[in-house]
Amino acid sequence: MSQNLKCIIIDDEPLARELIKSYIDKTPALTLAGSFESAAEAVKAVMEEDIQLVFLDINMPMLNGIDFAKVIPPKVRIIYITAYEQYAVDGYRVNALDYLLKPVNYAEFLQSVGKAIEWFTMVRAAERNAREDCGFITVKADYRLIHLNLDNILYAEVRKDHIIFFRKDGEPVSSLMSMREVEEMLPPWRFMRVHRSFIVNLHNVEVVERGRIVFGKEYIPISESHREEFLARLGKD
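For clarity, every value in this text was computed on a predicted model and none was experimentally measured.

Quick notes on unusual backbone geometry
So, point 1. In this model, Lys102 is joined to Pro103 through a cis peptide bond whose omega is -5°.
So, point 2. Structurally, the position occupied by Pro103 is in the loop between β5 (96–101) and α5 (106–132).
So, point 3. A positive phi angle is found at Met62, which is not glycine, with a value near 70°.
So, point 4. Within the secondary structure, Met62 is located in the loop between β3 (53–56) and α3 (65–71).
So, point 5. Judged by its relative accessible area of 78%, Met62 falls in the exposed class.

Structure, rendered in structure tokens:
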């Protein structure tokens, strides 16, 4: 699938911005929508425009790159470009696709863009699948794209910055996603969030015991805020 990703640059170093701009200009898959010297200046653009990808420095005044990532919509993906390698772990805890160290050469830049294209191809396929209710979703696990049959999913659990999909048949699948992204991906008439850390497949719930959902030897808690809706929906299903 061909992609054209709308992107912006955020870096307080003019030369760094110009370098990335030159790379974007000669990359057909990218369209530059703006260049900013601070993250604070860029927040409005990200919130109001359909920005998909941000090339972002981390160590900046006022609002650094890590904090910026926490306030923008989760659908916006980030490629960090920084001189500070120690920030890599923090970068991957937010919605970062890749982490590049300055000075960045064009080959490294293209590799990161390739990851972005792969990500958005997966997202669009998942959105199309949900619209057509074709019975599966596509998630990224490490460097693989995996089709998960909706009927086979028992529940999904958030663990730090990953979502673990537990299945009736097959090993669990771990994907670097947020709970909000999973909720948007799964059809709401079939799946329900029952706890801050769990989404369950209502079609596969067979046993509820002492306020918990039982899947074999696993017990899924039901929070008080979700209990009434869960019981009502379970009765209908």
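Side note on the side chain of Asn152
So, point 1. Its place among the elements puts Asn152 in the loop between β7 (144–149) and β8 (153–159).
So, point 2. Setting aside residues up to four positions removed in sequence, Asn152 forms contacts with Phe166, Arg167, Lys168, Asp169 and Asn204.

What about the sheet that holds strand β15 (residues 218–221)?
Hydrogen bonding along the main chain pairs the strands of a sheet, whether they run parallel or antiparallel.
So, point 1. Taken in spatial order, the 3 strands line up as β13-β14-β15 in an open sheet, and their pairing is antiparallel. The sheet is open, and its two edges are formed by β13 (207–209) and β15, each paired on a single side. Strand-to-strand twist across the sheet, computed as the mean angle between neighbouring axes with direction ignored, equals 35°.

A few points about the nonpolar core
So, point 1. Counting residues in each nonpolar core, the largest one holds 22 residues, and the members touching the most others are Ile8, Ile10, Val54, Leu56, Phe68, Ile78 and Tyr80.
So, point 2. It is helix α2 (residues 39–48) that contributes the most residues to this core, 4 residues altogether.
So, point 3. Leave out the neighbours within four places in its chain, and Ile10 touches Phe36, Ser38, Ala39, Ala42, Val54, Phe55, Leu56, Asp57, Met60 and Phe68.
So, point 4. In this structure, Ile9, Ile20, Leu30 and Leu97 belong to the second largest nonpolar core, which totals 20 residues.

With respect to the pairing of strand β4 (residues 77–82)
So, point 1. Across the 6 residues of β4, 6 count as buried, placing the element largely inside the fold.
So, point 2. In β4, alternate side chains face the same way, and those of Arg77, Ile79 and Ile81 on one face and Ile78, Tyr80 and Thr82 on the other are all buried.
So, point 3. Crossover β3 to β4 through α3 is right-handed.
So, point 4. Relative to β5, β4 is paired through 5 bridges, and the arrangement is parallel. Counterpart to Ile79 in the pairing with β5 is Asp98.

Some details on the pattern of salt bridges
A side chain of one charge can pair with a side chain of the opposite charge when the charged atoms of the two come close.
So, point 1. Following the criterion strictly, the structure yields 13 salt bridges and no others.
So, point 2. We note a salt bridge from Lys102 to Asp11, for which the minimum N-O separation is 2.9 Å. Of this pair, Lys102 sits in the loop between β5 and α5 while Asp11 sits in the loop between β1 (5–10) and α1 (14–25), and the two are 91 residues apart along the sequence.
So, point 3. With a relative accessible area of 22%, Lys102 lands in the partly exposed category.
So, point 4. Two residues, Glu224 and Arg227, come together in a salt bridge whose shortest N-O distance is 3.4 Å. You can see Glu224 and its partner Arg227 sitting in helix α7 (residues 224–236), 3 residues apart, about one turn around the helix.

As for the sheet that holds strand β2 (residues 30–36)
So, point 1. Pairing within the open sheet is parallel, and its 5 strands lie in the order β2-β1-β3-β4-β5. Looking along the sheet, the strands with just one partner apiece sit at the ends: β2 and β5. Each strand of the sheet is rotated relative to its neighbour by a mean of 20°, with strand direction disregarded.
So, point 2. By the bridge criterion, 4 bridges tie β3 to β4 in an arrangement that is parallel. Bridge pairing links Val54 to Ile78 in β4.
So, point 3. The sheet strands contacting α2 are β1 and β2, and the helix crosses β1 at an angle near 160°.

Basis of the calculations
- Residues numbered from 1 in each chain as written.
- Predicted model: local features only at pLDDT ≥ 70, side-chain atom pairs only at ≥ 80, totals over all residues.
- Heavy atoms only, no water.
- Helix = DSSP H or I, 4+ residues; strand = E, 2+ residues; numbered from the N terminus.
- Buried < 20%, exposed > 50% of the residue type's maximum accessible area, 1.4 Å probe, protein only.
- Contact = heavy atoms within 4.5 Å.
- Pairing = 2+ DSSP bridges.
- Axes fitted to C-alpha atoms, helices over the stretch in contact; angles between N-to-C directions.
- Core = buried A, V, L, I, M, F, W, Y, C linked by side-chain atoms within 4.5 Å.
- Right-handed = clockwise from strand over helix to strand, strands pointing away.
- Salt bridge = Lys/Arg side-chain N within 4 Å of Asp/Glu carboxyl O.

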